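Here is what each chain is made of, one letter per residue.
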Amino acid sequence: MDRKTKILKIIQANPGIHVRGVIKESSFENGVVTHYLRQLTEDGVVRTQKRSRYHRYYPVDVEEKEFPVIRNMRKPTKKEILFRIMVEGNPSFKDLTLKIDKSPSTISWNVSELVKEGVVEKCKKDGKQCYRVKDKELFKKTFKKEFTKLFDEKLEHSEDIFLAL
């Protein structure tokens, strides 16, 4: 398999991966990876999105509106928060802190980021603030399509989340 094909397969298996991830997966040098990423983008085979300091790469079959879901699912704490929101069904902040083994400030920061990116929104349940996935249909579609790529087999409760969809 040539280098370009190997890099394309890495992106297809890891949507939302950034350059360092491709370098790690491929064992190619930075210059080689960036060269082929540029070629794949120019050929229209992959799409890129620049977020803060990173370019993330997606196969062309991934819609742009799926990017925030995939990007956030690649981050362990945000992925766990999203799992809890789906399984618990509109949990409060306190519910999240009781179920996730992270400090409240870490959970707060990550939830705020998910809200800012439009993946999660605040809601009210029994007069208390809670959280829910903003576009549940998009989340379900992305989750089902990318399930095997975004989650490892040993992930606790992954089957509960899949069934909740």
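Residues numbered from 1 in each chain as written. Predicted model: local features only at pLDDT ≥ 70, side-chain atom pairs only at ≥ 80, totals over all residues. Heavy atoms only, no water.

Asks: Explain helix α5 (residues 76–88) residue by residue, including any values.
Replies: Here α5 spans 18 Å end to end across 13 residues, near enough to the 18 Å set by a 1.5 Å rise per residue. Within α5, burial applies to Thr 77, Lys 78, Lys 79, Ile 81, Leu 82, Phe 83, Arg 84, Ile 85 and Met 86. (Helix = DSSP H or I, 4+ residues; strand = E, 2+ residues; numbered from the N terminus. Expected span 1.5 Å × (residues − 1). Buried < 20%, exposed > 50% of the residue type's maximum accessible area, 1.4 Å probe, protein only.)

Asks: Can you explain the pairing of strand β5 (residues 128–133)? Please cite residues and give values.
Replies: Strand direction decides the pairing type here: strand β4 (residues 120–125) and β5, joined by 6 bridges, are antiparallel. Pairing of Val 120 across the sheet is with Val 133, part of β5. In sequence, β4 turns back onto β5 through a hairpin of 2 residues, with Asp 126 there showing a positive phi of about 55 degrees. (Pairing = 2+ DSSP bridges.)

Asks: Give a detailed account of the pairing of strand β3 (residues 54–59), specifying residues and quantitative values.
Replies: As judged from the 2 bridges shared by strand β1 (residues 17–18) and β3, these two strands associate in the antiparallel manner. By the bridge assignment for β3, Ile 17 is matched with Tyr 57. Two strands pair when backbone bridges link them, and strand β2 (residues 46–51) and β3 are joined in this way by 6 bridges, in the antiparallel orientation. Across the sheet, residue Arg 47 finds its bridge partner in β3, namely Tyr 58. The antiparallel pairing of β2 with β3 creates a hairpin that spans 2 residues between the two strands, and Ser 52 there sits at a positive phi of about 50 degrees.

Read these as geometric descriptors, not functional statements.
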